[in-house]
Amino acid sequence: MVQWKPKLPVSLSAIQRYGLAVLSVSLALGGALFLERFSIRSVEIPLFLFAVAVTAWYGGAGAAVLALLLSTIGFDYFFTEPLHTIYISATDIPYFVVFAVFASLVTWFSAVRRRVEVALRQARDNLRIEVAERTQQASLLNLTHDTIFVRNMSDVITYWNRGAQELYGWTPEEAVGKHAHELLHTVFPAPTEEIHAELLGSGRWDGELDKARADGTQVIVASRWSLRRDERGRPAAILETNNDITDRKRREVEIRTLNEELGKRSAELEIINKELEAFAYSVSHDLRAPLRHMAGYTELLQRNAGTLLNEKSQRYVRMILESAQRMGTLIDDLLAFSRIGRAETHKTMVSLEQLVQEALAEVRQDTGGRKIVWRVGTLPAWYGDRSMLRLALVNLISNAVKFTRVRPQAEIEIGCTDQKQDQVVVFIRDNGVGFDMKYVNKLFGVFQRLHPPEAFEGTGIGLATVQRIVHRHGGRIWAESLVDQGATFYFSLSKSQGAN
Amino acid sequence: MGTLGRILMVEDDPKDVELTLTALEDYNLANEVVVTRDGEEALDYLYCRGTYETRSGENPAVLLLDLKLPKVDGLEVLQQIKSDEKLKLIPVVVLTSSHEEKDMVASYRLGVNAYVVKPVDFHEFVNAIKELGIFWAVINQPPPGSVKKH
């Protein structure tokens, strides 16, 4: 902003001002004497008055007094009888007094006029500065993308920036002078009296408002109001900035709806889970009891009537017992499987290598007398549920042991093929009987078996359990095999939480 | 086997009662078994009320408790016993069909002394009952105030 000094007429020094008095009076005197030669008389008084007026105008009051004094002396000396003396006859005194009073009046008037004019100029200049500042500020407000407008205390728009035009579609010419809330169809969240009370009390208000654009579409804005007061502290105008939050609000509503939906779903799931739990409990308790009784009484029958039964009948009794036994195992396995799905996972950092060693120790208890070559590679520590992962490894390793039973020397390799930042792939490879890849999709189903029970025992639930554990670790399980060429089972574990 | 403690069995299933008693008989442990058929009857026995009003007030040497019982279930009986100053010393063995971890945890929380899942296989069942009977009724020294047969 350029600070420029207003040019005032009072820029003369004292010498110049008093010199002006002397000069103007001298010129007036000279002019009067000159005209007297051509017998033009009685012009001296107007000339002296003119000199005094000019001096008063340009030289100020002090210089004017000097000019008045000099004029009086000059008039007395050159133009009143007796000439060339400064003697004043009594008859001339009123004449002098009138002259002096008149000259004083001229001086006074011109001084007043000058003062007024100086004040006026100053006011004009100040006004010009202010206008320049305001214009600059207004153009700055126009630069911002934010929607800004100003309204007076009757809510009539007095300023409307470009951001407002962009948001609402009204040009400044259309908007200024209109009632803001009528133009924008503002819907307030609270009674306007309350909002105004807050604005007047704290000087500001903010909240969410529903408004309409020029084309009639609705827009939700985060609105902030600031109260401007005039120099006497009276509320003068309200500056309102608006931010379009329509999209955000819509997303919030969507998220809320989705959350509610999710809440409903998880409530449903919880109910289903409860039912499943009740079912499992019932299986666990109620189905096992009659089975136990069946086995128990058959056993007692065998004991009491053993000698009376022929061989065939004895075999029947044995079959009943075997079947009861098998059903017991099936129920237990099924329960274990359902427990994997229902139990909460407790994930910690687990050393997979140590887990493999533990699983090996458990499986080896049942491999007495067999020749098995074990190859265990290095495995990382991973984030997972220790007991579940252990169960998975025990299942896979005991499968490998089971299906290599026909080999004179079993070879079982456990390792890790692929370790990335967020995923690890563990494999268990054997040289056992393998399976036909045609049936690979049946491998992980509950009670699915690819071998007759006479060849390899089992309930067909082990791999289903492993798959469930792997899924609960956000991983995947798959297998590769050729009939009689061994099999390799892979499972991946994800670092993220995975599906629960 | 010098002394034999009285066993209180809480079991609603008559077949289970018969099989358990048979198993105990095999080892001559069945003489001192009192059978109650639900939680309420068991508590009546322990508090000497109802049909057990006239019995002498000693506590059993061990309580074999099924969990799934009519009227008052096993966990409630357990809770009642363990929160009663006079009864809390009685060793309680939960003898159940339930493999559920939830039941096991709840039982241990309430202070059960042992938790046994009845095996389906009869031999295993007999063995479990035998060992339980021998341990709690013969080997274990029960707290003072319980019945011992000399």
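Please read these numbers as outputs of a predicted model, since none were measured by experiment.

A few words now on the overall build of chain A. Each helix and strand counted, chain A has 12 helices and 12 strands in total. Expressed as a percentage of its 500 residues, the buried residues of chain A come to 35%. Within chain A, residue pairs in contact and separated by at least 24 positions form 61% of the contacts whose partners lie at least 6 positions apart. Accessible surface for chain A amounts to roughly 29300 Å². Of this, 58% is attributable to carbon and sulfur atoms.

Our focus in this paragraph is the overall build of chain B. Counting its secondary structure elements, chain B contains five helices and seven strands. Looking at chain B as a whole, 55% of its 150 residues qualify as buried. Carbon and sulfur atoms provide 50% of the accessible area of chain B, an area that totals close to 6900 Å².

Residue and element names in this part refer to chain A. A cluster of nonpolar side chains, contributed by Ile88, Ile93, Val97, Val101, Leu105, Trp108 and Phe109, occupies part of the molecular surface with about 660 Å² of accessible area. Summarising the element assignment, Ile93 is placed in helix H3 (residues 93-143). Assessed through its relative accessible area of 44%, Ile93 is described here as partly exposed.

Let us look at the interface of chain A and chain B. Contacts between chain A and chain B engage 23 residues on the former and 24 residues on the latter. Carbon and sulfur atoms supply 52% of the area that chain A and chain B bury against each other, a total of about 2200 Å² over both sides. At the junction of chain A with chain B, the criterion picks out two salt bridges. A salt bridge links Arg292(A) to Asp16(B); the nearest nitrogen and oxygen atoms lie 2.7 Å apart. Across the contact surface, chain A and chain B share eight residue pairs in polar contact (both at pLDDT 80 or more). Where the side of chain A that touches chain B is concerned, the elements lending two or more residues are helix H8 (246-305) and helix H9 (311-342) of chain A.

Our focus in this paragraph is the sheet that holds strand S2 (residues 7-10) of chain B. Residue and element names in this part refer to chain B. Within the open sheet, the five strands sit side by side as S3-S2-S4-S5-S6. Their pairing is parallel. Of all the strands in the sheet, the pair left with one neighbour each is strand S3 (33-36) and strand S6 (114-117). Strand-to-strand twist of the sheet, defined as the mean angle between neighbouring strand axes without regard to direction, takes the value 20 degrees. Pairing between strand S4 (residues 62-65) and strand S5 (residues 92-96): three bridges, direction parallel. What sits directly across from Leu63, in S5, is Val92. Set on the sheet, helix H3 (residues 74-82) makes contact with S4 and S5; between it and S4 the angle comes to about 155 degrees.

Let's shift gears to the nonpolar core. Grouped together as the largest cluster of nonpolar side chains are 40 residues, with contacts concentrated most on Leu352(A), Ile397(A), Phe489(A) and Phe491(A). The dominant element in this core, judged by the number of residues it contributes, is helix H11 (residues 386-403) of chain A, at nine residues. Among all residues touching Ile397(A), those that are not within four sequence positions of it are Val356(A), Ala359(A), Leu360(A), Val363(A), Trp374(A) and Ile414(A). Membership of the second largest hydrophobic core comes to 24 residues, among which are Leu29(B), Ala30(B), Val62(B) and Ile129(B).

Turning our attention to H9(A). Helix length check: H9(A), at 32 residues, gives a terminal C-alpha distance of 46 Å against a target of 46 Å (1.5 Å per residue), a fit within 8%. Every buried residue belonging to H9(A) is among Val317(A), Leu321(A), Ala324(A), Gly328(A), Ile331(A), Leu335(A), Phe337(A), Ser338(A), Ile340(A) and Arg342(A), and all of these are buried.

To continue, consider the packing of aromatic side chains. Scanning the model with the defined rule gives 19 aromatic pairs over all chains in all. Taking 5.5 Å as the distance between ring centres and 40 degrees as the angle between the ring planes, the aromatic pair formed by Trp108(A) and Phe109(A) counts as tilted. On the numbers, 5.0 Å between centres and 80 degrees between planes, the contact of Tyr45(B) with Tyr52(B) is edge-to-face. Per residue, the accessibility class of Tyr45(B) equals that of Tyr52(B), and both read buried.

What the largest pocket holds in volume is close to 1100 Å³. As for the largest pocket, its lining consists of 31 residues, and the residues nearest its centre are Arg339(A), Ile340(A), Arg342(A), Ala343(A) and Glu344(A). Only H8, H9, H11 and helix H12 (462-472) of chain A together with helix H4 (101-109) of chain B provide two or more residues apiece to the lining of the largest pocket. The dominant element in the lining of the largest pocket, judged by the number of residues it contributes, is H9(A), at nine residues. Residues of the lining of the largest pocket, tallied by class, amount to 13 nonpolar, six polar and 12 charged. If you trace the second largest pocket, you find 34 residues lining it, with Asn399(A), Lys402(A), Gly458(A), Gly460(A) and Gly462(A) closest to the centre. Here the residues of the lining of the second largest pocket sort into 17 nonpolar, 12 polar and five charged.

Bringing the side chain of Lys211(A) into the picture now. Residue and element names in this part refer to chain A. Within the element layout of this structure, Lys211 appears in strand S3 (residues 204-212). For Lys211, the side chain forms a polar contact with the side chain of Glu240, separated by 2.7 Å. When residues no more than four places from it in sequence are discounted, the contact partners of Lys211 are Phe149, Tyr168, Leu184, His185, Thr186, Thr217, Gln218, Val219, Val221, Glu240 and Asn242.

The next subject is the pattern of salt bridges. Residue and element names in this part refer to chain A. Scanning the entire structure with this criterion turns up 33 salt bridges over all chains. Note that Lys249 and Glu208 form a salt bridge whose closest N and O atoms lie 2.9 Å from each other. Taken together, the residues Lys249 in helix H8 and Glu208 in strand S3 connect sequence positions 41 residues apart. Salt bridges here are not isolated pairs; linked through shared partners, they connect Arg151, Asp155, Lys211 and Glu240.

Positive phi, close to 50 degrees, is recorded for His185(A), a residue that is not glycine. Turning to its location among the elements, His185(A) is positioned in the loop between helix H6 (180-184) and helix H7 (192-202). Judged by relative accessible area, His185(A) falls into the exposed class, the value being 52%. Backbone geometry places Lys71(B), a non-glycine residue, at a positive phi of 60 degrees. For Lys71(B), the location among the structural elements is in the loop between S4 and H3.

All names here are of chain A. With antiparallel pairing, five strands are arranged side by side in an open sheet as S2-S1-S5-S4-S3. The outermost strands of the open sheet, each flanked by one partner alone, are strand S2 (157-160) and S3. Here the strands of the sheet are splayed against their neighbours by 25 degrees on average, with no regard to which way each runs. Two strands pair when backbone bridges link them, and strand S1 (residues 147-152) and strand S5 (residues 235-244) are joined in this way by six bridges, in the antiparallel orientation. Bridge pairing in S5 links Asn152 to Ala237. Contacts between H7 and the sheet are confined to S3, strand S4 (218-229) and S5, with S4 contributing the most and set at about 40 degrees to the helix.

Residues and elements named next belong to chain B. Averaged over all residues, the pLDDT of chain B equals 84, while 93% of them reach at least 70. Mean pLDDT values over the elements of chain B span from 54, in strand S7 (residues 148-149), up to 91, in H3. Prediction confidence for the complex, expressed as pTM and ipTM, is 0.51 and 0.77 respectively.

Attention now moves to the packing of H11(A) against H12(A). Residues and elements named next belong to chain A. Running from N to C, H11 and H12 point in directions that differ by 145 degrees, and their axes come no closer than 9 Å. Classified by chirality, the crossing of H12 by H11 is left-handed. From H11, Met388, Leu389, Leu391, Ala392, Asn395, Leu396 and Asn399 reach across to H12, where they touch Gly462, Leu463, Thr465, Val466, Ile469 and Arg472. Grouping the amino acids of the contact of H11 with H12 by side-chain chemistry returns eight nonpolar, four polar and one charged.

Rules behind the numbers
Residues numbered from 1 in each chain as written. Chains lettered and ligands numbered in written order. Predicted model: local features only at pLDDT ≥ 70, side-chain atom pairs only at ≥ 80, totals over all residues. Heavy atoms only, no water. Helix = DSSP H or I, 4+ residues; strand = E, 2+ residues; numbered from the N terminus. Buried < 20%, exposed > 50% of the residue type's maximum accessible area, 1.4 Å probe, protein only. Contact = heavy atoms within 4.5 Å. Areas by Shrake-Rupley, 256 points an atom, 1.4 Å probe, with all protein chains shown as cover. Patch = residues over 30% accessible without salt bridge, like charges linked within 9 Å, V, L, I, M, F, W, Y side chains within 5 Å. Salt bridge = Lys/Arg side-chain N within 4 Å of Asp/Glu carboxyl O. Buried area = accessible area lost by both parts, 1.4 Å probe. Polar contact = N/O pair within 3.5 Å; in protein donor to acceptor, adjacent residues only side chain to side chain. Pairing = 2+ DSSP bridges. Axes fitted to C-alpha atoms, helices over the stretch in contact; angles between N-to-C directions. Core = buried A, V, L, I, M, F, W, Y, C linked by side-chain atoms within 4.5 Å. Expected span 1.5 Å × (residues − 1). Phe/Tyr/Trp six-rings, centres within 6.5 Å; stacked < 30°, edge-to-face > 60°. 1 Å grid on protein atoms, 1.4 Å probe; cavity = no way out; pocket = protein on both sides within 12 Å on 5 of 7 lines; lining within 4 Å. Points joined across faces, edges and corners; volume = space filled by probe spheres on them. Nonpolar A, V, L, I, M, F, W, Y, C, P; charged D, E, K, R; others polar. pLDDT = per-residue confidence, 0-100. Left-handed = near helix turned anticlockwise from the far one by under 90°.

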